[in-house]
Amino acid sequence: MEHEVMRAARLLLTVCCASMLGAHGTAFAQQEELEALDALQTLSYQDSPRTLTELRSKAHVFESSPFHEVKRAYLNTLISAEFDAGYADRTREPIAKLLALSEAKQDDIGLVLGNTANAHLLASVGKTEEAFSLLNVIEPKALRSGDPEVLWIFHLVLGGLQNKTGKFEPALANLLKSMEFAMTRPRQSQASVLRTQVHLSLAYLTMKNGEKALKTIEDAQVIATRLGATQILGTLHLNRGYAASTMGNTAAALEAYQAALKVGNASDLVGLQALALNNIGDIHLIRKAYAKAEPFARLAMTKHQEAGDFGGAAMSQANVGFALMGQGRIPDGLVEVNASLKVMHDTGARAMEELILEELSRMYEQAGMFREAIETARAQQALSKELFRADREQTVALLQAQYDSAQRERQIEALASENELKDAEINNQRLLQTATIIGAAMVVVAGGFMFLLYRRARQANVELQGAKYLAEEALSEKNIFLATASHDLRQPVHAMSMMVEAIGMRNQDLAIAPLLVDLKSSMSAMNQLFNSLLDLSKLEAGSVKARVVPVALAPVVRDVARMFREQASLRGLELRLRLPKCEAVVLADPMLLRQVLVNLVHNAIRYTQRGQVMISIRQRANSWLIEVWDTGIGIASGDDQKVFSPYYRSEVAWRVDSAGHGLGLAVVARCAKIMGATHGFQSRLGKGSRFWLQVAAAPGQEDSNAREPEHRPHSDASPPMRLDGCCLVLDDDPQVIAAWRAMLESQGIQARFATNAAEAFRHVELGFVPSAIFCDQRLRSGESGIDVLRELLSRCPGASGAMVSGELHSPELAQAQAEGYLVLRKPLDQVALHAMLESWLSSPALDAIAPDPVT
């Protein structure tokens, strides 16, 4: 019996040992295959074509592996190598295999990797919206996985796509997250960091932060050299060229692109060759060396097609067309450009389509084909408006959701605070009753409880104050965002307004004149949006305080009516006034009162297609009722509670006029509240609306003390006369410089331009004597605009000068105005600017001090 037990024990021990050895052997085999794939992944950075050859030759080995993780790693490595080699179209089959394999195994990691690669593929052919939708769907799985590789590649692709579509802040946030996860990867950590640095450098470039971009490129080059990552070194050369190009250094850009092409040729990287050739052609186009640009653009198109990048091929085809147009072969060039536009339109690459239309309009203008230039500009403007509206709707929805969430948080906090206070009262009463019953012997204990209660109540109050502070800080951050966004958008509008003014001065074609009026109207609408955003942010931030004084209503109403009479006439509307016979004087802030009337009348005219708009003033006991009636589209009963909310517009309003933003009536409500006035409306859908503002009457109705609000005179619509003189402009934005040049030269003014103080001083030292100097407030070189302007005026005592700024408030502007310098806000009023130039250039100025700083 004992012998049999020993034999059974030996048998059991043998089975256990065999099982352990088998498991160890299985794990070892899996690890060996994964290390082989890691070696191929490292090789792909050095030689993508060779890596692809190796991967394809060993496909049967890895795809027949008994280990799911090995199959997944193989397909993911193959997809990455195909993308690296520039063969995006070849990734379709391995992506489909990876998704099918992961679905069968219910593998979330594989599903995220496959769908992320699919989003990358969609973006490469211009289907950005589909790519974003796919990434949004898989985001929860990516976050739940907790896998460093998954989170690295997901944030990398999402950040790269956001950067391409102009969403710079979320792009930078996602790329920095990608960098964090790259550092924690157990394998390929340094290579992952390198890839993320490449995308970060592109993000900094698109955000015009050249210094950070170049620093990131230098750091990446160190890692790429250490890893022998040839292809990524070529990509970094491309990024370095782009940085040099954006800073106006075309020679350095050309040298960098040629270095990238050399890497692409040596490594047989078709995608890199295509990008380098296309960018070299771009440099020749910028230099207007069209004959040199054409062969590079044609070769780039061929390489893009070979790589399966049809979006890149279409862009190179457009460059071929522009090169032909620049050589005078207009019909041949248009064939190529129109073919490119069709591809972009069919693939949904609307942003690229807009870019090509913008360049085509410029080429038409250069060829003297102004009618075609205007038509193309209108098409580009319509597309830009469509894209802007889509982005705006998403932004407005996000802002509204954030606003609603903040409101709910405030309500929850208020209820919580009330409950805490009630609980504290109940506890206090109970403790007092207990203390009374127990008597004097328990006074010390009751005192201890009271002290504890006091500490709890004090802690609750501290927490409540903290929550209130966070809510106010969130509102402040939103207002800062609105003001900053408005400031950043003023720069291109500033350049556009001067460009349109220059075209108007040169235009001799009467048929184009109405189109120019439309362009000016569109820019006026954009400027109105910026001002509305700033008005609302200032009102919500509480930075606007009412200055209540007696104000005569009739002059205010007449002035507002005079402002809108021409607009109403153009729409075929009758603008009527109904004023009282006696003098109507109210207690109000003149500027806020005028803002309310302007917004109400503007809304009435915008949403009235036929009939009339009437402004009336009626007396009501100790107040005056100001009403704006219209026969417009009206407001549905279900929208009553939302009319005065920020960013809200009804579906009917969207159909009638898509240019509104839902801010005008929100500003009306804030202004009324600040002045202590009441407001409201009555409306019937399809019949019209009546909006009203009720303001307290001034005691005694003494019109001798009543004030009329200040207002600027309306600009003359007649074209400005040509001028003669010398002007010096200092600005670091190439687009703004080009706009100044076009506008000043169209008016006959001799002008010199500089991007920093040294260049400006050099013009003066070479004998250029300006009568007018315009200096941007903030220069990329870090120099202070006011300091440079002060030095220029000291060197040119016969000149007059002004600072130009896109900001509303800053210590530097306050200092300049305190010293009496003229400060102009972007975008500049072209009529006022022409009058200023006429004054400065017609007679020598005594000094740079202006009698009244104009803002």
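The structure displayed is predicted, hence computed values, not measured ones. (Residues numbered from 1 in each chain as written. Predicted model: local features only at pLDDT ≥ 70, side-chain atom pairs only at ≥ 80, totals over all residues. Heavy atoms only, no water.)

Undergrad: Looking at this structure, how should I read the overall build of the protein chain?
TA: Counting secondary structure elements, the protein chain contains 30 helices and twelve strands. A total of 855 residues make up the protein chain; the buried ones form 45% of that total. Sequence separation of at least 24 residues holds for 68% of the intrachain contacts in the protein chain that already meet a minimum separation of 6. Per element, the accessible surface of the protein chain, about 43,300 Å² overall, is 56% carbon and sulfur. (Helix = DSSP H or I, 4+ residues; strand = E, 2+ residues; numbered from the N terminus. Buried < 20%, exposed > 50% of the residue type's maximum accessible area, 1.4 Å probe, protein only. Contact = heavy atoms within 4.5 Å. Areas by Shrake-Rupley, 256 points an atom, 1.4 Å probe, with all protein chains shown as cover.)

Undergrad: Help me out: how do you make sense of the packing of aromatic side chains in this one?
TA: Any two aromatic rings considered together are summarised by their centre-to-centre distance and by the angle between their planes. Per the counting criterion, the structure on display carries six aromatic pairs. For the pair phenylalanine 644 and phenylalanine 681, a centre-to-centre distance of 6.1 Å together with 65° between the ring planes defines the contact as edge-to-face. Taken together, the residues span a long stretch of sequence, with phenylalanine 644 in the loop between strand 5 (623-630) and helix 24 (651-656) and phenylalanine 681 in strand 6 (residues 678-684) at a distance of 37 residues. Aromatic ring contacts, followed pair by pair, group Phe644, Phe681 and Phe691 into a single cluster. Here the basic side chain of arginine 795 rests over the ring of phenylalanine 761, its NZ or CZ set 4.1 Å away from the ring centre. (Phe/Tyr/Trp six-rings, centres within 6.5 Å; stacked < 30°, edge-to-face > 60°. Lys NZ or Arg CZ within 6 Å of the ring centre and 35° of its normal.)

Undergrad: I tried to follow helix 28 (residues 785-795) on my own but got confused; where do I start?
TA: Residues separated by three or four positions in an α-helix point in the same direction, a consequence of the helix having 3.6 residues per turn. Along helix 28, the residues classified as buried are Gly785, Ile786, Val788, Leu789, Leu792 and Leu793. For helix 28, the arc enclosing every buried residue in end-on projection is 160°, short of the 170-degree limit, so these residues lie on one face. In the core, the buried residues of helix 28 are packed alongside strand 8 (726-730), helix 27 (757-765), strand 10 (772-776), strand 11 (800-805) and helix 29 (811-818). (Arc of directions from axis to C-beta.)

Undergrad: I would appreciate a short explanation of the side chain of aspartate 732 in the present structure.
TA: By the secondary structure assignment, aspartate 732 is in the loop between strand 8 and helix 26 (734-746). Leaving out residues up to four positions away in the same chain, aspartate 732 has contacts with Thr755, Asp776, Arg778, Leu779 and Arg780.

Undergrad: When you look at the pairing of strand 6 in this model, what are you seeing that I'm missing?
TA: Taken residue by residue, a regular strand's side chains alternate between the two faces of the sheet. Pairing between strand 6 and strand 7 (residues 688-696): seven bridges, direction antiparallel. Considered in strand 7, the bridge of histidine 679 is made with leucine 693. Linking strand 6 to strand 7, which pair antiparallel, is a turn of three residues; within it glycine 686 sits at a positive phi near 85°. (Pairing = 2+ DSSP bridges.)

Undergrad: Would you explain the sheet that holds strand 4 (residues 612-620) in this entry?
TA: Working definition: the strands of a sheet are paired by backbone hydrogen bonds and lie parallel or antiparallel to each other. Strand order in the open sheet formed by five strands is 2-4-5-7-6, and the pairing between neighbours is mixed. Of all strands in the sheet, those with a lone pairing partner are strand 2 (574-578) and strand 6, marking the two edges. Averaged over neighbouring strand pairs, the angle between their axes works out to 15° when direction is ignored. Set on the sheet, helix 22 (residues 553-570) makes contact with strand 2, strand 4 and strand 5; between it and strand 2 the angle comes to about 170°. (Axes fitted to C-alpha atoms, helices over the stretch in contact; angles between N-to-C directions.)

Undergrad: What is the right way to read the environment of leucine 121 from this model?
TA: Looking at where leucine 121 falls in the secondary structure, it is placed in helix 6 (residues 108-124). As a C-alpha pair, leucine 121 and aspartate 89 span 32 residues in sequence and 7.7 Å in three-dimensional space.

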